[in-house]
Structure formats: C-alpha cells, structure tokens
Amino acid sequence: MHAQRFKLTEEQRALVGTVRDLTIHKNFRANSIKYLDGTYPWDNLNDLAKIGALGMSIPEEYGGTDLGVFETALVIEEVSKNCYPTAMALMGMVGVQVRVISNFAPESMKKDILPKVCSGEAHLAVCMTEPHAGTDVPNYKTNTTIKGNKAIVKGVKTLISRAKEAEWFVVFTRINGTPGRHGIGCVLVNRNYPGFEVTAQYHTMGGENLAEIQFNDVEVPLENVILQEGGFKKLLSAFNTQRCLNPSVSLGLAEGAFEEAIKYVRERTIRGSAVSEFQGIQWKLAEMYRDIEAGRALLYRACLSANPFPDPHEAAIAKMFVNEMAIRVCSEALQVHGGYGFTDDYPISRMYRGVRYGTLGGGATEALKDLVGKKLVKDFDLADGFLGMGTF
Ligand SMILES: Cc1cc2nc3c(=O)[nH]c(=O)nc-3n(C[C@H](O)[C@H](O)[C@H](O)COP(=O)(O)OP(=O)(O)OC[C@H]3O[C@@H](n4cnc5c(N)ncnc54)[C@H](O)[C@@H]3O)c2cc1C
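Residues numbered from 1 in each chain as written. Predicted model: local features only at pLDDT ≥ 70, side-chain atom pairs only at ≥ 80, totals over all residues. Heavy atoms only, no water.

1. Things to note about the overall build of the protein
The following threshold applies: Helix and strand definitions follow DSSP, with helices as H or I runs of at least four residues and strands as E runs of at least two, each counted in order from the N terminus. Two things to know: the radius of gyration comes from C-alpha atoms, and the globule rule equals 2.2 Å times the number of residues to the power 0.38. By definition, residues are in contact when any of their heavy atoms lie within 4.5 Å. Here, Shrake-Rupley sampling with a 1.4 Å probe gives the accessible areas, and only protein chains in the shown set may cover a residue. Charged-residue counts in this description rest on Lys and Arg as positive and Asp and Glu as negative, His and the chain ends being excluded. Working definition for charges: the position is that of NZ of Lys, CZ of Arg, CG of Asp or CD of Glu.
Helix and strand counts for the protein come out as 12 helices and 10 strands. On C-alpha atoms alone, the protein measures out to a radius of gyration of 21 Å, which is about the 21 Å that the 2.2 N^0.38 rule sets for 392 residues. With the C-alpha coordinates of the protein rotated into their principal frame, the extents come out at 80 × 55 × 40 Å. Put simply, of all contacts in the protein between residues at least 6 apart along the chain, 72% involve residues at least 24 apart. Summed over all atoms, the accessible surface of the protein reaches about 18100 Å², with 53% contributed by carbon and sulfur. A gap of 2 Å separates the mean positions of the 43 positive and 45 negative side-chain charges of the protein.

2. Quick word on empty space enclosed by the protein
Empty space among the atoms becomes apparent when a probe as large as a water molecule is rolled across them. Note the following rule: Buriedness for pockets is judged along seven lines, at least five of which must meet protein on both sides within 12 Å for an open set on the 1 Å grid over protein atoms alone, while cavities are sets there where a 1.4 Å probe fits but cannot get out, and lining residues have an atom within 4 Å of a point. Grid points are joined across faces, edges and corners, and a volume is the space filled by probe spheres set on the points. When residues are grouped by polarity, Ala, Val, Leu, Ile, Met, Phe, Trp, Tyr, Cys and Pro land in nonpolar, Asp, Glu, Lys and Arg in charged, and all others, Gly among them, in polar. An automatic or database domain assignment provides the domain bounds reported here.
Counted according to the given criterion, the structure contains three cavities of 30 Å³ or more. When its volume is computed, the largest cavity comes out at roughly 140 Å³. As for the largest cavity, its lining consists of 14 residues, and the residues nearest its centre are Tyr40, Pro41, Arg162, Glu208 and Asn209. Tallying contributions element by element places helix H5 (residues 84-94) first for the lining of the largest cavity, with three residues. Taken as a whole, the second largest cavity encloses approximately 100 Å³ of empty space. Lining the second largest cavity are 16 residues; nearest its centre among them are Ser32, Tyr84, Pro85, Arg350 and Met351. Here the lining of the second largest cavity gets four residues from one element, more than from any other, and that element is helix H11 (residues 347-354). Here the lining of the second largest cavity is composed, by residue class, of eight nonpolar, four polar and four charged. Two domains share the lining of the second largest cavity, each providing at least three of its residues, namely domain 1 (10-119) and domain 3 (233-387).

3. Some words on a negative patch on the surface
Operational definition: Patches were defined on residues exceeding 30% relative accessible area and lacking a salt bridge, with like-charge contacts within 9 Å and nonpolar side-chain contacts (Val, Leu, Ile, Met, Phe, Trp, Tyr) within 5 Å. Within this document, salt bridges are pairs made up of a side-chain nitrogen of Lys or Arg and a carboxyl oxygen of Asp or Glu, the two lying within 4 Å of each other.
Judged by side-chain charge, Glu60, Glu61, Asp66 and Glu107 come together as a negatively charged surface patch. Considering the arrangement of structural elements, one finds Glu60 in the loop between helix H3 (42-50) and helix H4 (69-80).

4. Quick look at the packing of aromatic side chains
Test applied: Under the pairing criterion, centres of Phe, Tyr and Trp rings, with the six-membered ring standing for Trp, must be within 6.5 Å; the plane angle then separates stacked pairs below 30 degrees from edge-to-face pairs above 60, leaving the rest tilted. Relative accessible area decides the class of each residue, using a 1.4 Å probe on protein chains only: under 20% of the type maximum gives buried, over 50% gives exposed, and in between gives partly exposed. For a ring to carry a charge above it, either NZ of a lysine or CZ of an arginine must fall within 6 Å of the ring centroid while also lying within 35 degrees of the normal to the ring plane.
As enumerated under the stated definition, the model contains 12 aromatic pairs in all. Geometrically, the ring pair formed by Phe104 and Phe309 is tilted, given 6.2 Å between the ring centres and 45° between the ring planes. You can see Phe104 sitting in helix H6 (residues 96-104) and its partner Phe309 sitting in the loop between helix H9 (279-304) and helix H10 (312-335), a full 205 residues away along the chain. Among the residues examined, Phe104 registers a relative accessible area of 18% and is labelled buried. Phe309 gets classed as buried once you look at its relative accessible area, which sits at 15%. Consider the rings of Tyr264 and Tyr346, whose centres lie 5.8 Å apart with planes at 85°: the pair is edge-to-face. Of the two residues, Tyr264 sits in helix H8 (residues 232-267) while Tyr346 sits in the loop between H10 and H11, which places them 82 residues apart along the sequence. By relative accessible area, which is 9% here, Tyr264 ends up buried. Three or more aromatic residues joined by ring pairs form one cluster here, namely Phe6, Phe70 and Tyr300. One Lys or Arg, Lys157, reaches over the ring of Tyr140 and ends 4.2 Å from the middle of that ring.

5. Quick notes on the packing of H6 against helix H7 (residues 107-119)
Rules: Lines fitted to C-alpha atoms define the axes, with helix axes restricted to the stretch in contact, and inter-axis angles between N-to-C directions lie between 0 and 180 degrees. Left-handed describes a crossing whose near helix is turned anticlockwise from the far helix through less than a right angle; right-handed describes the clockwise counterpart.
Direction vectors running N to C along H6 and H7 enclose 145°, while the axes themselves pass 10 Å from each other. Crossing of H6 over H7 shows left-handed handedness. Touching Val98, Ile101 and Ser102 of H6 are Met109, Lys110, Leu114 and Val117, all from H7. For the contact of H6 with H7, the residue count by class is five nonpolar, one polar and one charged.

6. Thoughts on the nonpolar core
Defined as follows: Nonpolar cores are built from buried Ala, Val, Leu, Ile, Met, Phe, Trp, Tyr and Cys residues. Side-chain atoms within 4.5 Å join them into one set.
Among the nonpolar cores identified, the biggest contains 115 residues, and Val189 and Ile226 are the most heavily contacted of them. Residue contributions to this core peak at 15 residues, all from H8. When residues no more than four places from it in sequence are discounted, the contact partners of Ile226 are Val100, Ile101, Phe104, Ala105, Met109, Cys186, Val187 and Leu188.

7. Description of the domain arrangement of the protein
Size of an interface, as often reported, equals the accessible area lost when the parts are brought together. We count it as follows: Once two parts are brought into contact, the accessible area they lose, counted with a 1.4 Å probe and summed over both, makes up the buried area. Whenever two N or O atoms come within 3.5 Å, that pair is a polar contact, provided that in protein one can donate a hydrogen and the other can accept it, and provided that, for residues adjacent in sequence, both atoms are side-chain atoms.
Domain parsing of the protein yields domain 1 (10-119), domain 2 (124-229) and domain 3 (233-387). Put simply, the middle of domain 1 and the middle of domain 3, counted by C-alpha atoms, are 21 Å apart. Taken residue by residue, the interface counts 25 residues in domain 1 and 33 residues in domain 3. Carbon and sulfur atoms make up 72% of the surface buried where domain 1 meets domain 3, a total of about 2500 Å² over both sides. Remark: the boundary between domain 1 and domain 3 carries three salt bridges. A salt bridge links Glu260 to Arg29; its shortest N-O distance comes to 2.6 Å. Where domain 1 packs against domain 3, one counts six residue pairs in polar contact (both at pLDDT 80 or more). For the side of domain 1 that touches domain 3, the element with the most residues is H4, which contributes eight residues. Of the residues belonging to the side of domain 1 that touches domain 3, the class tally is 16 nonpolar, five polar and four charged.

In structure tokens form, the structure reads like this:
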C-alpha cells in the first residue's frame, strides 16, 4: 500500500475559491481598517450569509450546509487572511456555541434558533470566562438554580465577544450549586430577559469589543437548560472544535502576512535593488513559509480527526504550534515592511495586532501544554515510539 499525498478535494477547493472571490470582490483586506475601532462587521457577515457560510456547522434540516470541522476551518482561514474582526465574528457563528445547540439542545430550540443563525438574523455568543476564573474552569461561580419549570441564572461573565450584537448567549454555568467541573452545564439566555445586563466594555488591540455581562437572577424557561450538571464532558468535547477554529484564524493571519511581505519586498527598493534580493530577507521568507506549511499540516490533521468533534490532543498540539508560529510570522512580515509596517496604512499592522489573540482564547497555550505533557508522561509507549500515540 502506498501512502497518499494530502490534497484538498475538488469540492474543498471550490469552497475556498468561493470565499476567496467574495473577499477579493468586497475588498475585505483593505476595508478591515473600518473595524479597528470596534465597529462590528455586519456588512461582511451579511455577504458571508449569502454564500451560506454562517450555516456551515448547522445540519441541513435547520437550513445549514453541515460542513465538517475541516471545511469550516478552511473558510475561517480564508476570511482571516483578509480581515481578522470578520473571521472572529464568523467563528462566533460557527463555533462552540452553535455546536452545543446543534448537538445537545432540545428539538424546539434547534428549530427556533438555528435557521436564524444561518440567515444572519440571530447572532450567538458564548459566556464562559468569569472575572476571577478564565482557565480555572472548576472555579466558575455562575450558578443556575432549577425551581419547578424555571431556571434562575446568577453570576458574572467577562471578556465576552459580541456582547452588544448577539441575541442569544450560551452560558456555561454551575447547576444547583454542584461543585467542581462535574457541576457545570449550560443554559441559553436571551438578552431581553429581565436581569441581563452588559456592565463593562473593553476595546481590544485586535479591534473588536469585549464586555462584562451580569446575570442578575435571570429567569429562563426550563427548556433553555441545554445541559444539566454532569454535562461538562459534552461541553468540553464541543469546545475541542474551538481549538481547531481558533488556530485557523491564526493560520489565515500568518498567510495574509506572508502575502503582504512578499508583495512589499518585491516592490520596495534599497540602493537600486528590490528588498527581496537580499539574502537576509529571502531567509526570512523561507522560514516563514516553512513554518506556515508545518502549521497547516498539524492543523489540518487535527481538523480531520473530528467525528464529530476533534481529538483533544491533536487539537491542542495544533493550536499550541499554530498560534505561536503565526505570531512569529506576522512579526517578521511587519519587520520586512520597515517603518511603514507599523502604520495603519498597511494591513500588516492590523494582522500583527489580531494575531496576538490566538494564544489567549480557546484554551491558553500554557493550559494546553499541561494537557499534552500529562498525556505524554502517562501514555507515551517507548516500544511503539512515535507510532504509538495513534496519530498515524
Ligand atoms: C479577543 C478575545 C475574545 C474572547 N472572547 C470570549 C468569549 O466570547 N467568551 C468567553 O467566555 N471568553 C472570551 N475570552 C476570554 C478568554 O477565553 C480568556 O481570556 C482565556 O480563557 C484565559 O482566561 P483569563 O484571561 O482569565 O486568564 P487566566 O486563566 O487568569 O490565565 C492567566 C495566565 O496564566 C496562564 N496559565 C493558566 N493555566 C496555567 C497552567 N496550568 N500553567 C501555567 N500557566 C497557566 C494562562 O495561560 C495565562 O497566561 C476572549 C478573550 C479574548 C482576548
């Protein structure tokens, strides 16, 4: 048997081609400066809705196209190459919050919400992080008390994306005060329910706004409790998708930065020669390209492990590598622009800002290293060596 060289299928190439045509036609890259002040990219999202991209992770019966994690990641990568805030907003439409609803919510909720997500009418947010605990999930304090046919949500979530724009919030919450990870389930909250309040806003270096949300004894119908205590394993498995989609944002930024670097060094001259003629610059380009290709291989492999959610360790390994690789690549791409790279006039400065997000969200690098390190210490089999971890 011969090993096969990895290639995108015709359908996957066509999918990426459709997205690429849209980003070029609508000038996503040059226009990305519009969103640096926190303006939400509604216009780009409406265009993405028209090509079906907002329903990528939603089953066909609810109006989506039911693409796999890999195809979803390819689309995010292509968008991110051109506009970080749009890629982040798109990730909000196809990421963990939608997957939690698609996979675990009652039928009535799916029928009500998912078609509106596909059309772009309803935007979703996910509320996990709390002021005292981001990575420290077992110490989440937000609690939902179930009383008869009602559930009452109380707590504070922070650094939440799309807090101003989203209609529905998938809230990770303790159920009935049950302690530890085991006690965490999740509840769907509408922003119009009494007691829902956006209490602080943060503007990020990437452009988007984040916010703090207070749930002041918000009463929700019992049907809105998507997962009771004991549901945390399911939430975590859905969250592994985020660990593939977050690095697809980073990968796209690295690729966009590489393209900008190539364009600039070919055009810019020093003492009569193109900057691209210097060996020092060519070495930078070679290293950038090498690292992007290595990152693609790791990330695509992790995405392809999904069934329906990605393998946690492959996703963690890909995320750790791609997030840090993309920061280095964007930094080097800015460097070859000289001082102009630091100005708002060149897209590279926006890519450099956006790429810093990757290692922080969707599972911080340090926490993922813990996860992978522990697995290696426990399971690495010296007899099987690198064949033994089930990767190949
Ligand atoms: C642009 C952006 C968008 C976001 N959107 C959302 C959103 O929509 N919803 C949401 O819920 N949250 C969101 N977040 C928050 C994000 O998920 C958290 O910032 C993240 O989980 C880290 O939590 P923290 O900030 O509390 O850091 P902490 O958990 O306090 O971590 C502080 C530092 O300690 C490190 N650390 C953690 N564990 C270990 C360990 N075991 N060993 C060594 N070091 C460790 C961390 O890596 C980090 O460097 C967003 C953040 C950003 C930047």
